[in-house]
Amino acid sequence: MDELRRAVRIVADLTAGYLADVGERPVWQPVTELDSSWLTDQDLPTAGRPFSELVDDVRARMLPYPLGNGHPRFFGWVNSAPSAAGVLVAPIAAAMNPSCAGGEHAGVLLEHTVLRWLAELVGFPHRPGGGLLTSGASMATVIAVAAARQRAAYQDGLDVREEGLYGHRPMVMYVSAEGHSCLRKAAELLGLGNRQVRVVPVDDAFRMNVETLRSLVARDVRAGLRPFCVAASAGTVNTGAIDPFDEIADVAAEHTMWFHIDGAYGALGVLADNAWPGYAGMARADSLALDPHKWLGVPVDCGCVLWRDPALTRATFSLIPAYLRDEIEGGLGWFSEYGPEQTRPFRALRAWATMSHLGRDGIVRLVDTTVQLARTLEAMIDAAEDFELLAPRTTSIVAFRYRPANQEQRLDELNRQIPSAVQHRGRAFLTGTQLAGVEALRACLLNPATTKDDLGVLLDEIRVAAAGITAAETQP
Ligand SMILES: Cc1ncc(COP(=O)(O)O)c(C=O)c1O
């Protein structure tokens, strides 16, 4: 144990030092060929190696090559810096190493609290048994859509768990053109078939067009199909748009469809000062996915799904073999009865530490600060002659493009190449997307340590990277 104690102290210093200096290092850098082949091709050692050597390898071969999130000038995808409190307790979760499938122990009991806190934070109705921590929103979505499928089939007199989808009319799910790919994955995985996924177009603000949703549902009903689920977004991944929840909830209610909201990234935006008023309808959903490992900064992985009706989700998944029977949990059963996973990690500890350390005020401040940073970036882009906003900003994502004078013909090509060129320079990190057929850049602001100067660096880096791309193209 002395060897472990010594190594843990070194790791503690390494971890704290890494977090303290993250802003001084390149945001991202390519892995050298040597380290890449070491990371990829090493053989399992025949004889075991001491802790000290493992720590040396981590220091030399791994810490220099992060994804980049954690740095104040990381604006890519939706990846946050880890909360220090989450990092602090992560090794303890590993040391205790429980399975949070069920039983009476700290991991399971704490998860109930974390789920209630998350529901209360975003104003989602909560009853004990009303949610699950998951690996992420993708798994959260599978669970929610499975419950939706179960309910619809049950209403139609069929038990999907017994019969599968055989004998049932095709079930149709509605997602917006800006909905995350995890919705489609869930539909495929649950045997619904992509042909039964309707992609509802969006309006100019990239929000689901509810009139079109209505007419698509009506057409499917006329065709004898079974509309069973509509999935809206609280913060789309491309632009952070928030769908019109109230109107969508009305359509869902008219057709006894399940109303799911993907709030993986943006559900927490409800806490911002002057938050989008449409967030109010979020409480009408049957299920809500939100990722504590996104805006809240809980170290990966920690997703979450909340639902209105605990009994229904339990009925979707519960199988209790004799060796798992347990009456201890006051009628709620095991967490493993509410989803596909049996062995489940102690995610609640990282989430609890993060939320407790920030407190409600700190969480509101975190959201507010990052939304304010996005507003600032939006204003800077609006004021710059060589940039153009491509979508309204409602949360902390800004979608835009570089638009230098006299390059109208090659804007798509230029903007497509910019993210990688910026990333390789190592001073900022952003990613791109396509919006309404146009190549776009997007910056997702999640790190309260980002400053206005960092935003200026981002725009300058884009200019320099673009100049490099142009110079390379015009070289003889
Ligand atoms: C809006 C949205 N939904 C769903 C997901 C999928 O979440 P996860 O990667 O946690 O499974 C993401 C991931 O970025 C997202 O941004």
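Quick caveat, the model's predicted, so the values are computed rather than measured. (Residues numbered from 1 in each chain as written. Predicted model: local features only at pLDDT ≥ 70, side-chain atom pairs only at ≥ 80, totals over all residues. Heavy atoms only, no water.)

**Q** Even after reading the chapter, I still don't get the overall build of the chain, so can you show me in this structure?
**A** Helix and strand content of the chain: 14 helices and 11 strands. Here the C-alpha radius of gyration of the chain, 24 Å, is about what a compact globule of 476 residues would show, namely 23 Å. If you line up the chain on its principal axes, its C-alpha atoms span 70 × 65 × 45 Å. Counting every position in the chain, which comprises 476 residues, the buried fraction comes to 51%. Long-range contacts, defined as pairs at least 24 residues apart, comprise 72% of the intrachain contacts of the chain with a sequence gap of at least 6. Just so you have it, the chain exposes about 21,600 Å², and 54% of that area is on carbon and sulfur atoms. Computed over 44 positive and 57 negative side-chain charges, the inter-centroid distance for the chain is 2 Å. (Helix = DSSP H or I, 4+ residues; strand = E, 2+ residues; numbered from the N terminus. Rg over C-alpha atoms; globule rule 2.2 N^0.38 Å. Buried < 20%, exposed > 50% of the residue type's maximum accessible area, 1.4 Å probe, protein only. Contact = heavy atoms within 4.5 Å. Areas by Shrake-Rupley, 256 points an atom, 1.4 Å probe, with all protein chains shown as cover. Lys, Arg positive; Asp, Glu negative; His and termini not counted. Charge placed at Lys NZ, Arg CZ, Asp CG, Glu CD.)

**Q** Looking at this structure, I do not really get the site of the ligand. What am I missing?
**A** The local shell around the ligand holds 13 residues, among which Ala-137, Ser-138, Asp-262, Asp-291 and His-293 are the closest. The separation between a nitrogen atom of the ligand and a polar side-chain atom of Asp-262 is 2.6 Å. Contact with the protein chains covers 83% of the free accessible surface of the ligand, which is 390 Å². (Near = heavy atom within 4 Å. Polar contact = N/O pair within 3.5 Å; in protein donor to acceptor, adjacent residues only side chain to side chain.)

**Q** What is the right way to look at helix H13 (residues 411-425) in this model?
**A** Along an α-helix, residues three or four apart share an orientation, since each turn contains 3.6 residues. Helix length check: H13, at 15 residues, gives a terminal C-alpha distance of 21 Å against a target of 21 Å (1.5 Å per residue), a fit within 8%. The sharpest bend along H13 reaches about 35 degrees and sits at Ile-418, with the proline Pro-419 one to four residues further on. Turning to H13, its buried residues are Leu-411, Leu-414, Asn-415, Ile-418, Pro-419, Val-422 and Gln-423. Residues of H13 that are buried sit in contact with strand S9 (397-402), strand S10 (431-435), strand S11 (438-444) and helix H14 (452-474). Once H13 finishes, Gly-426 follows within two positions and takes phi at roughly 85 degrees, a positive value. (Expected span 1.5 Å × (residues − 1). Bend = angle between axes of the 7 residues up to and from the residue.)

**Q** Can you walk me through unusual backbone geometry in this structure?
**A** Most peptide bonds adopt trans geometry, and most residues besides glycine take a negative phi value. Residue Asp-301 is reached from Val-300 by a cis peptide bond, and omega for that bond is 0 degrees. Residue Asn-274 is not a glycine yet carries a positive backbone phi of 55 degrees. Within the element layout of this structure, Asn-274 appears in the loop between strand S5 (258-262) and strand S6 (287-290).

**Q** Help me understand the pairing of S11, please; the structure alone is not making it clear to me.
**A** Each regular strand displays side chains that alternate between the two surfaces of the sheet. For S11, the buried fraction is high: 6 of the 7 residues fall into the buried class. Pairing geometry for S9 and S11, over 4 bridges, is antiparallel. Each residue of the ladder has a partner; that of Ala-399, found in S11, is Arg-442. Following S10, the chain reverses through 2 residues before pairing antiparallel with S11; Ala-436 in that reversal takes a positive phi of roughly 50 degrees. (Pairing = 2+ DSSP bridges.)

**Q** Can you walk me through the sheet that holds strand S8 (residues 387-389) in this structure?
**A** Sheets are built from strands that pair by backbone hydrogen bonding, the pairs being arranged parallel or antiparallel. Pairing within the open sheet is antiparallel, and its 4 strands lie in the order S8-S9-S11-S10. What marks the edges here is a single partner per strand, and that holds for S8 and S10. The mean angle between the axes of side-by-side strands here comes to 45 degrees, regardless of whether they run parallel or antiparallel. Alignment of S10 against S11, held across 5 bridges, turns out to be antiparallel. Pairing of Leu-435 across the sheet is with Val-438, part of S11. (Axes fitted to C-alpha atoms, helices over the stretch in contact; angles between N-to-C directions.)

**Q** Help me out: how do you make sense of the environment of Thr-394 in this one?
**A** With respect to the element layout, Thr-394 can be found in the loop between S8 and S9. For Thr-394, the residues in contact, after removing those within four places along its chain, are Arg-207, Gly-240, Ala-241, Ile-242 and Trp-276. A polar contact is formed between the side chain of Thr-394 and the backbone oxygen of Gly-240, at a distance of 3.0 Å.

**Q** Looking at this structure, I do not really get the layout of surface pockets. What am I missing?
**A** It is a probe the size of a water molecule, rolled over the atoms, that shows where empty space is left. Empty space within the largest pocket amounts to approximately 900 Å³. In this structure, the largest pocket is lined by 37 residues; those nearest its centre are Leu-19, Ala-81, Pro-82, Ser-83 and Val-87. The set of elements that each furnish at least two residues to the lining of the largest pocket consists of helix H1 (2-21), helix H3 (51-62), helix H4 (84-96) and helix H12 (347-383). In terms of residues, the lining of the largest pocket owes the most to one element, H12, which gives 6 residues. Residue composition of the lining of the largest pocket, grouped by class: 26 nonpolar, 10 polar and 1 charged. (1 Å grid on protein atoms, 1.4 Å probe; cavity = no way out; pocket = protein on both sides within 12 Å on 5 of 7 lines; lining within 4 Å. Points joined across faces, edges and corners; volume = space filled by probe spheres on them. Nonpolar A, V, L, I, M, F, W, Y, C, P; charged D, E, K, R; others polar.)

**Q** How should the pattern of salt bridges be read in this particular structure?
**A** If the charged atoms of two oppositely charged side chains come close together, the side chains can form a pair. Enumeration over the complete set of coordinates arrives at 30 salt bridges. The partner of Asp-156 in a salt bridge is Arg-169, with the nearest N and O atoms 3.3 Å apart. A residue pair is termed long-range when its members are at least 10 positions apart, and Asp-156 in the loop between helix H6 (137-155) and helix H7 (160-163) and Arg-169 in the loop between H7 and strand S2 (171-176) qualify at 13 residues. Overlapping salt bridges, with partners in common, bring together Asp-301, Glu-341, Arg-347 and Arg-350 in one network. (Salt bridge = Lys/Arg side-chain N within 4 Å of Asp/Glu carboxyl O.)

**Q** I tried to follow the side chain of Glu-337 on my own but got confused; where do I start?
**A** Within the secondary structure layout, Glu-337 lies in the loop between helix H11 (310-317) and H12. Here Glu-337 falls in the buried class, since its relative accessible area comes to 5%. A polar contact is formed between the side chain of Glu-337 and the side chain of Arg-314, at a distance of 2.8 Å. Polar side-chain contacts of Glu-337 include one of 2.7 Å to the side chain of Ser-318. Apart from the residues within four sequence positions on either side, Glu-337 is in contact with Thr-313, Arg-314, Phe-317, Ser-318 and Ile-320.

**Q** What's the story with the side chain of Asp-454 in this structure? I'm lost.
**A** Along the chain, Asp-454 turns up in helix H14. A distance of 2.9 Å separates a polar atom in the side chain of Asp-454 from the backbone nitrogen of Thr-451. Beyond its immediate stretch of four places on either side in the chain, Asp-454 contacts Pro-72, Arg-73, Phe-75 and Ala-449.

Just geometry here; none of it tells us what the structure is for.
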